[in-house]
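# Architecture at a glance
One letter stands for each residue in the lines below.
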Amino acid sequence: MVHPPTPNTTIPKIIHLPCFLLNTHSGNDEFCGREDILGHIASELLPSKTLATAAGVSQLRQFALCGFGGIGKTEIAREFARRHRTSFDAVFWVVADEIAKLDHHYQQISLALGLEDETECKSQVVSREMVKGWLSNARKQLSRSGELDQPGEAASEATWLLIFDNADDPMVLADYWPQGSGSILITSRDPLAKTIFTRRPSGLDLGPLTQQDSLSLLHHLTTNLEEPEDDTARKITDALGGIPLAISQMASIIRRQDLTLSEFYELYTDQEEHARLYETKFDTNLVTYRHSLSTVWAFEKLKPQARQLLELASFFDPDAVGDDLLMEAFAALQSDDLTFKKSNYIDARTELLQSSLVQRDKQKQQISVHRIVQDAILTAMEVSKSSQCLAKSFGRCGATGHRQCPSLQRSRNCHHPNLRGAGYMSQGGRSARPSTRTS
Ligand SMILES: Nc1ncnc2c1ncn2[C@@H]1O[C@H](COP(=O)(O)OP(=O)(O)OP(=O)(O)O)[C@@H](O)[C@H]1O
Ligand SMILES: [Mg+2]
């Protein structure tokens with residue numbers, strides 16, 4: 001363990017403030033909606049809302065934005081930093097998906113604050129501890145004796161905001177977590193980020209854009225809108241479930257292929273074109289965001305059982321499927337493996353919960369999966385595999401008397417080739433149900 005060096009011997013006399021190290025792509029012209037969330041974060045993190053302990057010493061404030069890939073966590077963090085940076089003496093953007101990046105950013109912070117200069121800055125571990133030391137007692141200046149002012153001397157206390165972006169494994173932050181009285185904003189796919197290093201859980205699970213904001217984003221990103229197409233615009237944003245990444249990706253296709261909204265909607269609802277639209281390389285925000293809809297959830301990186309569970313859950317009502325039913329269907333899928341245990345199900349479910357690909361209502365013991373995630377995983381499934389999955393799991397469920405199974409149909413499946421292949425027929429609406437059951 002490396003201890004922070006004693007400040008009065010190693011910290012140079014001048015701390016470079018104000019100091020803003022934001023992500024290089026801080027322009028955010030396309031940002032849309034999310035005013036309520038930005039207000040919520042402001043009320044938790046802005047310095048004026050200092051939390052005081054009983055002893056009168058201000059505390060660390062933290063807030064985690066959680067949710068699955070592409071829901072818009074990073075964009076909100078960027079917008080928050082853009083709007084409010086002048087409320088802080090220092091703002092640091094730290095990419096937290098890899099240790100190497102965390103170390104790199106801490107070294108940059110150390111240099112930017114003037115804690116070290118280029119010649120001193122040799123060890124990333126030392127830089128990290130210097131930065132943590134300063135954040136823990138963030139003085140604006142040194143006193144005449146060359147020592148830092150004492151904690152509690154408010155006039156000389158610097159305010160800071162640290163943003164850990166994409167901290168999908170929040171535990172890696174342990175070595176980078178400062179004390180002191182600043183503000184920390186985390187974005188993470190793992191919902192547990194709301195409870196790390198604190199007794200007071202703080203943060204939220206981010207939902208989709210409202211219908212109004214989805215429409216504004218689509219309007220903003222496509223330039224060929226004509227009045228009569230408003231109804232089509234609504235149909236498109238409904239189909240994309242308010243997921244900003246999906247809206248951005250589809251808008252880029254509309255622009256690039258110079259489509260009207262009606263032409264696009266026709267393609268989107270065509271079973272053969274559907275998968276191709278997901279695969280299309282994404283040409284907006286490539287600098288800031290590296291995923292398209294077909295890669296964002298990295299289904300191929302899930303452990304086989306987690307992927308199988310997600311595939312299975314995608315055949316059910318997206319809003320709620322009972323844990324007991326899902327587990328039974330999951331067990332049926334593993335029927336060749338006589339050693340199936342409840343823990344297999346729980347392990348697979350945990351992996352999906354960690355990435356926010358599924359959500360769980362603990363009280364009701366129900367699982368939900370966003371429609372667009374269901375759609376993407378079904379689109380990625382081979383026809384033969386989905387037929388087998390349906391036959392094995394739901395045949396077995398039916399045999400044991402679960403009559404909830406026919407409720408397992410949802411919007412996109414009505415024109416999904418896999419389900420047609422499996423004997424499921426469209427009834428012509430967003431909530432069509434299978435006309436026959438395979439067994
Ligand atoms: N509020 C918004 N306004 C406009 N576009 C948005 C908004 N939110 C997200 N987007 C679009 O969606 C893309 C993905 O958003 P973002 O990077 O914030 O997702 P994320 O939740 O951080 O995903 P990940 O977990 O993969 O990091 C952005 O590059 C942008 O194109
Ligand atoms: Mg992100």
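See the structure shown above.
Residues numbered from 1 in each chain as written. Chains lettered and ligands numbered in written order. Predicted model: local features only at pLDDT ≥ 70, side-chain atom pairs only at ≥ 80, totals over all residues.

To continue, consider the overall build of the chain. Each helix and strand counted, the chain has 16 helices and nine strands in total. Buried residues in the chain amount to 39% of all 439 residues. Restricting the contact set of the chain to residue pairs at least 6 apart, pairs at least 24 apart contribute 69%. (Helix = DSSP H or I, 4+ residues; strand = E, 2+ residues; numbered from the N terminus. Buried ≥ 20, exposed ≤ 12 C-beta atoms within 10 Å, placed from the backbone. Contact = placed C-beta atoms within 7 Å.)

Most of strand β4 (residues 160–165) is tucked away, with six of its six residues classed as buried. Residues Trp160, Leu162 and Phe164 line one face of β4 and the alternating positions Leu161, Ile163 and Asp165 line the opposite face, and both faces are buried. Here strand β3 (residues 90–95) runs beside β4; their pairing, made up of six bridges, is parallel. Counted as the bridge partner of Trp93 is Ile163 from β4. Pairing analysis gives four bridges linking β4 to strand β5 (residues 183–188), with the strands arranged parallel. Bridge pairing links Leu162 to Ile184 in β5. (Pairing = 2+ DSSP bridges.)

So, on to the nonpolar core. If you look at the biggest cluster of nonpolar residues, it comprises 50 residues, and the most contacted ones within it are Leu310 and Ala313. Going through the elements one at a time, α6 (211–221), α8 (244–256), α9 (261–268), α11 (304–313), α12 (323–333), α13 (342–354) and α14 (371–380) are the ones with two or more residues in this core. A domain split of this core shows at least three residues from each of domain 2 (211–279) and domain 3 (299–432). Among all residues touching Leu310, those that are not within four sequence positions of it are Leu302, Leu352, Leu357, Val358 and Ile377. (Core = buried A, V, L, I, M, F, W, Y, C linked by C-beta atoms within 7 Å. Domains from an automatic or database assignment.)

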